[in-house]
Amino acid sequence: MPNLSRRGLLAGSAALIAVPATATTASAAADRGPSGEKILPGDVRFADLVQRGTNRRFVAAPDYARVVRSPQDAVAAVQDAVRANKRIAVRGGGHCFEDFVDHSDVEVLIDLSQYDEVTFDERRRAFSIGAGATLETVYKALFYGWGVTVPGGGCLGVGVGGHFSGGGYGPLSRRYGSVVDHLYGVEVVVVDARGRARLVLATRDNEHRDLWWAHTGGGGGNFGVVTRYLLRTAGARGADPAKLLPKAPSSLLSTITVYDWNTITKAGFLRTLRNFFDFYERNNAPGSPYATLYSPFILTHKSAGGFLLSTQIDAGVPNAGQLLKDFNAAIVEGVSPAPQVVDQGEGPFLQRTIQRSIAEDIAPSRAKYKAGYLRKSYTAAQFETIYEHLTDPTYQGPESSLLFVPYGGQVNTVPPDATATAQRDVVMKMVMAASWEDPAQDARHLEWVRATYRDIYRETGGVPVPNAVNAGSYINYPDGDLADPAQNTSGVPWHALYYLGNYPRLQRIKKAWDPRNVFRHRLSIEPAE
């Protein structure tokens, strides 16, 4: 199966485009030109740097940009901006869904994309990853170098800078937990009360443990400029790098189940969702035979023509073929006419991971994203609401969708306060997206995605207020609407949805490490009073 683009994924199974990888290798870092100079408007590089974001609703207009190639570059860039009292934003992979980087108030753009080394730090017995690396760079370096991996995301163009600090999850999380369960340390440029920028290494066992903890789910752009991450699985012992992170699978089995909007009935749609959630509620325990099963369910709007279920499982687990067959049978049970299940066969782990990843779009679109954690299935009424909005004949949105991503498993074995990632009793993530090209259509698409979300959560003020079913939302899918009283009528503040009970501690850490509130955006953590 060729690479699915982000937009192609939203459009179902139609768009099959291959995009070449753009990440450079660590060995090339020394040959990338001068470090850290100010790149001004008019410089041939400026437009490319400020337009690297994936959401064309927002485009940065800073006074200048600086490309960071070392921690020292980052310290100098931050110090100069603070001295001049300029607003800073930091860009890694460029995947921020809101305007945290591409905001009119931003005056200095610090770009980390060229600092992407992946090495093994023998002194600290941990893998050192430059914060500008993409997931593709990391997966390849870890796998080819040591046969290990991390349970990160399936969109390989995502930068680790924000992905890791927000928690991080992906196809292997049900078996190996969140990325932050493997985060040993973080190197950060911070600014003290006197305005002095300095580099701090915070680990889970040194005197700066609170700063490390804040980066285990606190989100990017809050405490400083992360320059690199140190990865080592919690509890791992010894000095052999091949034993300090999860062993990668040898190969994967995969299938694609294709649904046709022209033939599936409302009853069939509702039964399919019930089957899907029932299966994962039954098989969400850590250590389940289905721990390596990953099956994102991409429900595109009816105007796309169809939707799909993309499934994979570690081929090395006992009876993997039968487990996959039984899963597919459980999902289509009682659904008539039955959807088409396409066997993708078995393939090498990394090759298949790249093939099934969400590749970067050549021309990013305009978009709006919303999300929620689920402790258990939506109600029958909520499933009906989803159906009504996905089949709304007055809306044409072939690139708009609702995505269910299996979660939980090993993730749920960690106490909610052990990391800043508080959602540790979850079975599923929901991600909703509207995507379009024409700026003149902004209002129409924004209204569809907002109305759909609001109606799903009608009983809790239009947002996923934590209760027996909901567990708030995921900071790596930021949604400014959660801080808007017109959209969030629940009375529950946005930070309680993202951080649950961990927010007060994050506020105290913010005050200690960023007392001048240098690093801020629309949903940034407020310093404790």
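Residues numbered from 1 in each chain as written. Predicted model: local features only at pLDDT ≥ 70, side-chain atom pairs only at ≥ 80, totals over all residues. Heavy atoms only, no water.

Draft legend 1. The nonpolar core, seen in detail. Val78, Phe269 and Phe404 are the most contacted members of the largest nonpolar core, which has 121 residues in total. Residue contributions to this core peak at 7 residues, all from helix α8 (residues 266–282). In terms of nonpolar packing, the next biggest core, distinct from the first, is built from 20 residues, Leu308, Ala367, Ala471 and Tyr477 among them. (Core = buried A, V, L, I, M, F, W, Y, C linked by side-chain atoms within 4.5 Å. Buried < 20%, exposed > 50% of the residue type's maximum accessible area, 1.4 Å probe, protein only. Helix = DSSP H or I, 4+ residues; strand = E, 2+ residues; numbered from the N terminus.)

Draft legend 2. Looking closely at the side chain of histidine 215. Within the secondary structure layout, histidine 215 lies in the loop between α7 (209–214) and β10 (225–231). At 2.9 Å, the side chain of histidine 215 and the backbone oxygen of leucine 211 are in polar contact. With residues up to four places along the chain from it excluded, the contact list for histidine 215 reads Phe164, Ser165, Val180, Leu183, Val186, Val188, Phe223 and Val226. (Polar contact = N/O pair within 3.5 Å; in protein donor to acceptor, adjacent residues only side chain to side chain. Contact = heavy atoms within 4.5 Å.)

Draft legend 3. Structural view of the pattern of salt bridges. Enumeration according to the criterion identifies 31 salt bridges in this entry. The salt bridge involving lysine 140 is made with glutamate 136; its shortest N-O contact spans 2.9 Å. Highlighted residues: lysine 140 and glutamate 136, both in helix α4 (residues 135–146), separated by 4 residues, approximately one helical turn. We classify lysine 140 as partly exposed; its relative accessible area is 29%. For aspartate 481, the salt bridge goes to lysine 370, with nearest N and O atoms at 2.8 Å. Highlighted residues: aspartate 481 in the loop between α12 (442–456) and α13 (494–499) and lysine 370 in strand β16 (residues 366–374), separated in sequence by 111 residues. Classification of lysine 370 by relative accessible area gives buried; the value is 2%. Each member of the salt-bridge network shares a partner with another, and the members are Glu98, Asp99, Lys368, Lys370, Arg450, Asp479, Asp481 and Arg522. (Salt bridge = Lys/Arg side-chain N within 4 Å of Asp/Glu carboxyl O.)

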